[in-house]
Amino acid sequence: MVKKSKINEIKMEVQGRIIPIQVIRSDRKSIGLEIRQDTSVIARVPYRLSDKGLETFLEKHTEWILCKRKLAGKRQDYRRFTNALPFSQLTAKEREQIKEKIAARVKYYCEVMGVTVGRITIRNQKTRWGSCSSKGNVNFNYQLYYLPEKLLDYVVVHELAHRRHMNHSSLFWTEVGRYFPDFQECRKQLGEYGLAQNEVR
């Protein structure tokens, strides 16, 4: 039995600055580094990786971390805002209106694309516009309600395309492009709102 590390944070000193790195261990097989929009750093690592091994990996990726944190900082400075009310301040009626609008677009594109979904859930997600589980349940960020409808539709099509391809392969993007030919421009516009993640595997 492999002894699990108790370290859940590493403080990396770079150019006289201390960068705290949150460490999340799981049964995954590879190491993943994630730079969030607030420039915080998360390392997702296997249980079997030693603390020394993690430190070595971080040292090798120091330049990548600095570069991505700098980009994330710039994104914060110039990002757009949805002007959405805080989720906690929404009334039950307002939340229902948001779900009804998004669910209507999901239903429309399900018919167009010939796919089905399970549950439709609206959440207050900090780093994602939407997601689709292997069971066909789809989740959407409530702030989509406040974006231009074209961007809402793109996110819906993106998640429904996962009903055919549970990955981001070329086949997946071909499926998205079949219904949203200018998906690359939509991705760019969504990124300006600051919810995009930077991750290395």
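For the structure itself, consult the block above.
What you see is a predicted model, and the numbers here were worked out from it, not measured in a lab.

Engineer: Looking at this model, I keep getting lost on the packing of aromatic side chains. Mind explaining?
Structural biologist: Considering all chains together, one arrives at 7 aromatic pairs under this definition. Ring geometry for Tyr 145 against Tyr 146: centres 5.3 Å apart, planes inclined by 80°, an arrangement best described as edge-to-face. On the basis of relative accessibility, which here comes to 28%, the residue Tyr 146 falls in the partly exposed class. A ring pair is formed by Trp 173 and Phe 183, whose centres lie 5.2 Å apart and whose planes are at 15°; its orientation type is stacked. Here Trp 173, found in helix H5 (residues 170-179), pairs with Phe 183, found in helix H6 (residues 183-191); they are 10 residues apart in sequence, far enough to count as distant. A relative accessible area of 18% places Trp 173 in the buried class. Three or more aromatic residues joined by ring pairs make a cluster, and in this case those are Phe 87, Tyr 142, Tyr 145 and Tyr 146.

Engineer: Explain the side chain of Ser 131 to me, please; I cannot follow it from the model alone.
Structural biologist: Within the secondary structure layout, Ser 131 lies in strand E6 (residues 130-132). Since its relative accessible area comes to 14%, Ser 131 is described here as buried. Excluding residues that lie within four positions of it along the chain, Ser 131 makes contacts with Gln 125, Asn 137, Val 138, Asn 139 and Glu 159.

Engineer: Any chance you could explain the packing of helix H4 (residues 149-161) against H6 here in plain terms?
Structural biologist: Helix-helix packing: each pair is described by the crossing angle between the helix axes and the interaxial distance. Orientation of H4 relative to H6, taken along the N-to-C sense of each, is 110°, at an axis distance of 10 Å. Taken together, the axes of H4 and H6 lie roughly perpendicular to each other. From H4, Lys 150, Leu 151, Tyr 154 and Val 155 reach across to H6, where they touch Phe 183, Cys 186, Arg 187, Gln 189 and Leu 190. The residue inventory of the contact of H4 with H6, partitioned by class, reads 6 nonpolar, 1 polar and 2 charged.

Engineer: Looking at this model, I keep getting lost on the side chain of Gln 143. Mind explaining?
Structural biologist: Among the secondary structure elements, Gln 143 is positioned in the loop between strand E7 (138-141) and H4. A relative accessible area of 18% places Gln 143 in the buried class. Apart from residues no more than four positions distant in its own chain, Gln 143 is found in contact with Thr 82, Ala 84 and Trp 129.

Engineer: What should I look at first to understand the pairing of E7 in this one?
Structural biologist: A regular strand places its side chains on the two faces of the sheet in alternate fashion. Of the two faces of E7, the one lined by Val 138 and Phe 140 and the one lined by Asn 139 and Asn 141 are each fully buried. As defined by bridge partners, strand E5 (residues 120-123) adjoins E7 across 4 bridges and the pair is classed as parallel. The residue bridging Ile 122 from the neighbouring strand is Phe 140, located in E7. Between E6 and E7, which pair antiparallel in sequence order, lie 5 residues; one of them, Gly 136, sits at a positive phi of approximately 90°.

The rules we used
- Residues numbered from 1 in each chain as written.
- Predicted model: local features only at pLDDT ≥ 70, side-chain atom pairs only at ≥ 80, totals over all residues.
- Heavy atoms only, no water.
- Phe/Tyr/Trp six-rings, centres within 6.5 Å; stacked < 30°, edge-to-face > 60°.
- Buried < 20%, exposed > 50% of the residue type's maximum accessible area, 1.4 Å probe, protein only.
- Helix = DSSP H or I, 4+ residues; strand = E, 2+ residues; numbered from the N terminus.
- Contact = heavy atoms within 4.5 Å.
- Axes fitted to C-alpha atoms, helices over the stretch in contact; angles between N-to-C directions.
- Parallel < 35°, antiparallel > 145°, perpendicular 65-115°, else oblique.
- Nonpolar A, V, L, I, M, F, W, Y, C, P; charged D, E, K, R; others polar.
- Pairing = 2+ DSSP bridges.

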